[in-house]
Amino acid sequence: MVEFTDEEGYGKYLDLHECYEKYINLKGVERVDYITYLSTFDQLFDIPKERKNAAYREYLQILLEYLESYCNRIKPLLELQEEMEEVRSDFERQWGDGMFPGWPKEAMGALTHAGAHLDLSAFSSWEELASLGLDRLKSALMALGLKCGGTLEERAQRLFSTKGKRLQDLDATLFAKSKPGKAGKSRDSERQKELAALEAQAYRLAELLGEQRAATRDNVQRKQARTGEEREESDEEHFSDDDSDDDDDDIPYNPKNLPLGWDGKPIPYWLYKLHGLNINYNCEICGNYTYRGPKAFQRHFAEWRHAHGMRCLGIPNTAHFANVTLIEDAVALWQKIKSSKEMERWKPDMEEEYEDSTGNVVTKKTFDDLKRQGLL
């Protein structure tokens with residue numbers, strides 16, 4: 001059976017309190033409250049690279065461990081391993097392109113390695129570079145990791161030979177001797193890549209749990225807005241609900257088949273008799289549906305079931321057919337209403353009047369007959 005903490009509310013909310021405690025104890029990070037942390041815990045790219053040390057790595061591992069565990073509990077059908085494989089492949093591509101958030105790639109061009117760079121595009125020959133002086137040329141050569149000794153002309157020629165080239169395309173004899181610090185830089189690069197890979201996994205897990213994250217933020221805000229008395233009442237209701245779980249599972253004793261009330265128990269028998277629920281009413285128009293009690297019977301004439309039955313009979317569901325439940329009675333009443341309306345309908349031949357030249361008032365039919373006979 002899947003287990004959740006009280007704070008997680010059976011998988012509706014996140015419980016990041018342990019991760020939050022770890023985060024606020026990191027050196028150099030901004031101290032925020034829990035609600036703000038819920039909104040920004042995946043914004044790892046805002047933390048400077050200099051602050052991402054061993055303690056930060058430990059915090060990342062705790063955060064990932066919790067998010068993976070929570071995701072497995074609420075989404076057991078999700079293939080989390082496939083998601084992580086996809087994250088790793090996307091990360092390798094972004095890391096190689098230097099596009100991963102928070103970890104910009106160091107430029108690999110010949111003039112953008114490190115140090116006091118010099119733009120060679122403004123120089124067309126080494127003689128122009130020589131006019132800069134020994135110190136400036138030495139600084140530019142050191143920035144590229146090249147040999148910086150020699151005369152002014154040698155330095156200028158050596159620097160000008162790198163124009164338009166990458167470091168890996170240069171002659172190996174131009175570089176200064178390697179120092180012990182190179183291996184340390186390689187280890188630092190590997191450590192940074194491992195941290196960035198952990199961050200990529202955290203980004204994807206936070207994206208998968210976006211709905212629970214928003215619900216957690218709203219729940220924490222709602223809890224903080226309550227007074228002490230309201231929180232105590234909520235806890236008491238929670239305990240009472242737990243105590244009544246066993247009672248809810250029991251089948252209520254109901255030998256007379258009484259309707260159930262709001263609490264899931266049969267209503268009192270005197271109330272059953274008072275509302276006339278012991279009387280059943282059948283409606284043939286509704287497909288012989290049975291209604292218990294006069295209140296439900298009277299109400300059903302305006303409901304969809306009765307209106308649908310009347311529509312199938314081709315009869316409008318008007319007030320004339322109130323309390324009519326038999327199809328035969330409804331059809332007979334509809335014929336009677338139609339005949340009475342036919343009698344009341346205006347008949348121009350019989351009711352329209354005309355006046356002849358002598359002032360006699362006759363119907364339209366009589367007037368037309370006299371006119372055809374030429375008597376007018």
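Residue positions are given per chain, counting from 1 as you read along its sequence in written order. Reporting of local features is limited, given that this is a predicted model, to residues whose pLDDT is at least 70; pairs of side-chain atoms are given and counted only at 80 or more, and all residues count toward the totals for whole chains, interfaces and linings. Just so you know, side-chain values use all the structure's heavy atoms and leave hydrogens and water out.

K.L.:
Would you take a moment to explain helix 14 (residues 304–312) for this structure?
P.N.:
Counting along an α-helix, one turn takes 3.6 residues, and residues three or four places apart therefore face a common direction. Here's how the labels work: a residue is buried when its accessible area is under 20% of the maximum for its type, exposed when over 50%, partly exposed in between, all with a 1.4 Å probe on protein chains only. Every helix listed is a DSSP run of H or I at least four residues long, and every strand listed is a run of E at least two residues long, numbered separately from the N terminus. Within the sequence span of helix 14, burial applies to H306, A307, G309 and M310. All buried residues of helix 14 lie within an arc of 160° about the axis, which places them on one face of the element. Along helix 14, exposed side chains directed more than 90 degrees from the buried face belong to W304, R311 and C312. Throughout, a contact is declared for two residues whenever any of their heavy atoms are within 4.5 Å. In the core, the buried residues of helix 14 are packed alongside strand 1 (280–283). Immediately downstream of helix 14, the backbone of G314 shows phi near 75°, a positive value. The directions considered for the arc run from the helix axis to the C-beta atoms.

K.L.:
Honestly, the pattern of salt bridges in this entry has me stumped. Any pointers?
P.N.:
Should their charged atoms come close, side chains of opposite charge can pair. What makes a salt bridge here is a side-chain nitrogen of Lys or Arg within 4 Å of a carboxyl oxygen of Asp or Glu, nothing more. On inspection of all chains with the given rule, the structure shows 14 salt bridges. Ionic pairing is found between R299 and E303, a salt bridge with its closest N-O pair at 3.5 Å. Two residues, R372 and D369, come together in a salt bridge whose shortest N-O distance is 2.3 Å. On the criterion of helical spacing, the pair formed by R372 and D369 is a turn pair, its members being 3 residues apart in helix 17 (residues 364–372). What makes D369 partly exposed here is its relative accessible area of 28%. Because the salt bridges share partners, they merge into one network encompassing E83, D90, R93, R204 and E207.

K.L.:
Even after reading the chapter, I still don't get the pairing of strand 2 (residues 289–292), so can you show me in this structure?
P.N.:
The side chains of a regular strand alternate, residue by residue, between the two faces of the sheet. Strands pair, by our definition, only if DSSP identifies at least two bridges between them. Here 4 bridges tie strand 1 to strand 2, and the two strands are oriented antiparallel to one another. Residue pairing in the sheet places N280 in a bridge with R292 of strand 2. Counted along the chain from strand 1 to the antiparallel partner strand 2, the turn is 5 residues long, and its residue G287 has a positive phi close to 80°.

K.L.:
How should the nonpolar core be read in this particular structure?
P.N.:
Side-chain atoms within 4.5 Å are what join buried Ala, Val, Leu, Ile, Met, Phe, Trp, Tyr and Cys residues into a set we call a nonpolar core. Among the nonpolar cores identified, the biggest contains 44 residues, and L16, Y23, Y37 and Y59 are the most heavily contacted of them. Sorting the residues of this core by element identifies helix 1 (17–24), helix 2 (34–40), helix 3 (54–74), helix 4 (80–97) and helix 8 (181–208) as the ones contributing at least two each. Of all the elements, helix 3 adds the most residues to this core, at 11 residues. Those residues in contact with Y59 that sit more than four places away from it in its chain are C19, K22, Y23, L26, Y37, F41 and L44. In this structure, L120, A140, A156 and L159 belong to the second largest nonpolar core, which totals 15 residues.

K.L.:
So what exactly am I meant to see when it comes to the confidence of the model for the protein chain here?
P.N.:
Low pLDDT marks regions whose predicted coordinates should not be analysed in detail. Predictor confidence is given residue by residue as pLDDT, running from a minimum of 0 to a maximum of 100. Of all residues in the protein chain, 89% have pLDDT values of 70 or greater, and the mean over the chain is 82. Taken element by element, the protein chain is modelled with least confidence in helix 11 (residues 245–249), mean pLDDT 52, and with most confidence in strand 1, mean pLDDT 94. A low-confidence stretch, residues 107–115 (pLDDT under 50), is modelled with 21 contacts involving residues beyond four sequence positions or located in other chains. Every residue in residues 179–183 scores below 50 in pLDDT, and together they form 0 contacts with partners more than four places removed in sequence or on other chains.

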